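# Working through the structure, step by step
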Amino acid sequence: MAETERRQNRTLPDRDAPIGVFDSGVGGLTVVREIMRQIPNEKIIYFGDTARVPYGNKSRKTVTRFSQQIVRFLRTFQVKTIVVACNTASAYAMEALEQDIDIPIIGVVKPGARAAVSATGNGRIGVIATEATIGSQIYTKYIQELNQNISIYGKACPLFVPLVEEGLWEDPVTDEIARRYLTELIDIDIDTLILGCTHYPLIRSTLGKIMGERVTLVNPAYETARELRELLIRHGLLREEPPALGSNRYQFYISDKADKFVHFANSIIKYGILSAKTVNIEAY
Ligand code: DGL
């Protein structure tokens, strides 16, 4: 169906409908946390692909297939918009997802890239992320679309995800690994560093300490929630009132067992998550 025809035929999403957010696992909760803070009246359906995490070492084809399944699952809740909270999924699957969706969709990479371009003074930006996100060069592409004169230096930091998931947010082990990863970015004299993976905002203080005060840390989770708010306003979809009490305001779904997820979720979100439902995502 032609794009204009599809637009004309679509039914407009409902302002009261929830926002669908997904990630490869628990990391996207850093984005949920920002959405809860910045647009507190919204309802959220979160899906974390805990059975198939990590995405950061998988191929574009696999991550795209997983992301498409998750979007189909989220759409069963009539969500009004989709937030791709995972950097790797945003890097690999965003174009494919945008092509076959008729509701607003936002990833974390573009907001992060835009914020970094505004922040840099010396035109030297570092990006830390998974191997997949760095390999895709997606941050380089978006940043250079905005300003060709900026140099971007990517560094894959695969050990950060397991360290964060083990709760070692402020620990000598994380300090040591971070120093090894970041030394080359310090030597290159970047003045802005994009935390290009969902987990990294949780070790922000360690990263900030190592990079020093001169380097601005950009948190795509924060920038995405900010741009999401603007997107909802633009589409007339921002909720003005909080949902009624007892209306299942935040719902969490995952693809594997719930206990670890619930424990982790409660360590970063103050809402008090009691449960997460397991879904057979391969069925979508
Ligand atoms: N959520 C992923 C990201 O932001 C990190 C974890 C993974 O590799 O799946 O890139």
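Residues numbered from 1 in each chain as written. Predicted model: local features only at pLDDT ≥ 70, side-chain atom pairs only at ≥ 80, totals over all residues. Heavy atoms only, no water.

## Section: the sheet that holds strand β3 (residues 81-84)
Sheet architecture is open: six strands sit in the order β4-β3-β1-β2-β9-β10, paired in parallel fashion. Each edge of the open sheet is held by one strand with a lone partner, namely β4 (105-107) and β10 (277-278). Bridge count for strand β1 (residues 19-23) against β3 is four bridges, and the pairing is parallel. Paired with phenylalanine 22 across the strands is valine 84, a residue of β3. Against the sheet, helix α11 (residues 220-234) contacts β1, β3 and β4, and its axis sits at roughly 165° relative to β3. (Pairing = 2+ DSSP bridges. Helix = DSSP H or I, 4+ residues; strand = E, 2+ residues; numbered from the N terminus. Contact = heavy atoms within 4.5 Å. Axes fitted to C-alpha atoms, helices over the stretch in contact; angles between N-to-C directions.)

## Thoughts on the sheet that holds strand β6 (residues 151-156)
What the four strands build is an open sheet, ordered β6-β5-β7-β8; its pairing is parallel. Two strands in the sheet have a free side with no partner beyond their single neighbour: β6 and β8 (216-218). Adjacent strand axes in the sheet meet at a mean angle of 20°, parallel and antiparallel pairs treated alike. Note: strand β7 (residues 192-196) against β8, three bridges, orientation parallel. For threonine 192, the partnering residue across the bridge sits in β8 and is threonine 216. Sitting on the sheet, helix α9 (residues 172-187) is in contact with β5 (124-129), β6 and β7, with an inclination near 170° to β6.

## Looking at the pairing of strand β9 (residues 250-254)
Extensive coverage of β9 is indicated by the burial of five of its five residues. Burial along β9 is two-sided: Tyr250, Phe252 and Ile254 and Gln251 and Tyr253, pointing in opposite directions, are all buried. For β9 and β10, the ladder comprises two bridges, and the chain directions are parallel. Bridge pairing in β10 places tyrosine 253 opposite lysine 277. Following the backbone out of β9, through helix α12 (residues 259-268) and into the adjacent parallel β10, one traces a crossover that is right-handed. (Buried < 20%, exposed > 50% of the residue type's maximum accessible area, 1.4 Å probe, protein only. Right-handed = clockwise from strand over helix to strand, strands pointing away.)

## Quick word on the environment of serine 90
Mapped onto the secondary structure, serine 90 falls in helix α4 (residues 87-99). You can call serine 90 buried: its relative accessible area is 3%. Note: C-alpha distance between serine 90 and serine 67 (23 residues apart in sequence) is 9.3 Å. Excluding residues within four positions of it along the chain, serine 90 makes contact with Val84, Gly107, Val108 and Val109. One polar contact links the side chain of serine 90 to the main-chain carbonyl oxygen of cysteine 86, over a distance of 2.8 Å. (Polar contact = N/O pair within 3.5 Å; in protein donor to acceptor, adjacent residues only side chain to side chain.)

## With respect to the packing of aromatic side chains
What the rule picks out here adds up to 13 aromatic pairs. An angle of 50° between the planes, with centres 5.2 Å apart, marks the rings of phenylalanine 77 and tyrosine 253 as tilted. With phenylalanine 77 in the loop between α3 (60-75) and β3 and tyrosine 253 in strand β9, this residue pair connects regions lying 176 residues apart in the sequence. For the ring pair phenylalanine 160 and tyrosine 200, a centre distance of 5.2 Å and an interplane angle of 85° mean the geometry is edge-to-face. Taken together, the positions of phenylalanine 160 in helix α8 (residues 160-165) and tyrosine 200 in the loop between β7 and α10 (204-211) put the pair 40 residues apart, joining distant regions of the chain. (Phe/Tyr/Trp six-rings, centres within 6.5 Å; stacked < 30°, edge-to-face > 60°.)

## Observations regarding α12
Turning to α12, its buried residues number three or more, namely Phe261, Val262, Phe264, Ala265 and Ile268. Taken down its axis, α12 places every buried residue within 165° of arc, on the same side. α12 presents Asp259, Lys260 and His263 as exposed residues on the side facing more than 90 degrees away from its buried surface. Looking at the packing, one finds that the buried side of α12 touches α2 (29-38), β2 (44-48), α8 and β9. (Arc of directions from axis to C-beta.)

## Focus: α10
Residues Thr206, Leu207, Ile210 and Met211 constitute the buried set of α10. Taken around the axis of α10, the buried residues stretch over an arc of 120°, which confines them to a single face. Looking one or two places after α10, you find glycine 212, whose phi comes out positive at around 90°.

## Concerning the side chain of threonine 81
By the secondary structure assignment, threonine 81 is in strand β3. For threonine 81, the side chain forms a polar contact with the main-chain oxygen of proline 104, separated by 2.7 Å. Look past the residues within four positions of threonine 81 in its chain and what remains in contact with it is Pro18, Ile19, Gly20, Ile103, Pro104, Ile105, Leu228, Leu231 and Leu232.

## Overview of the state of the cysteines
Following the criterion strictly, the structure yields zero disulfides and no others. The thiol sulfur of cysteine 86 is not disulfide-bonded, and the nearest other cysteine sulfur, from cysteine 197, lies at 7.4 Å. Judged by its relative accessible area of 4%, cysteine 86 falls in the buried class. Free cysteine cysteine 157: the closest other cysteine sulfur is in cysteine 197, separated by 8.9 Å. (Disulfide = S-S within 2.5 Å.)

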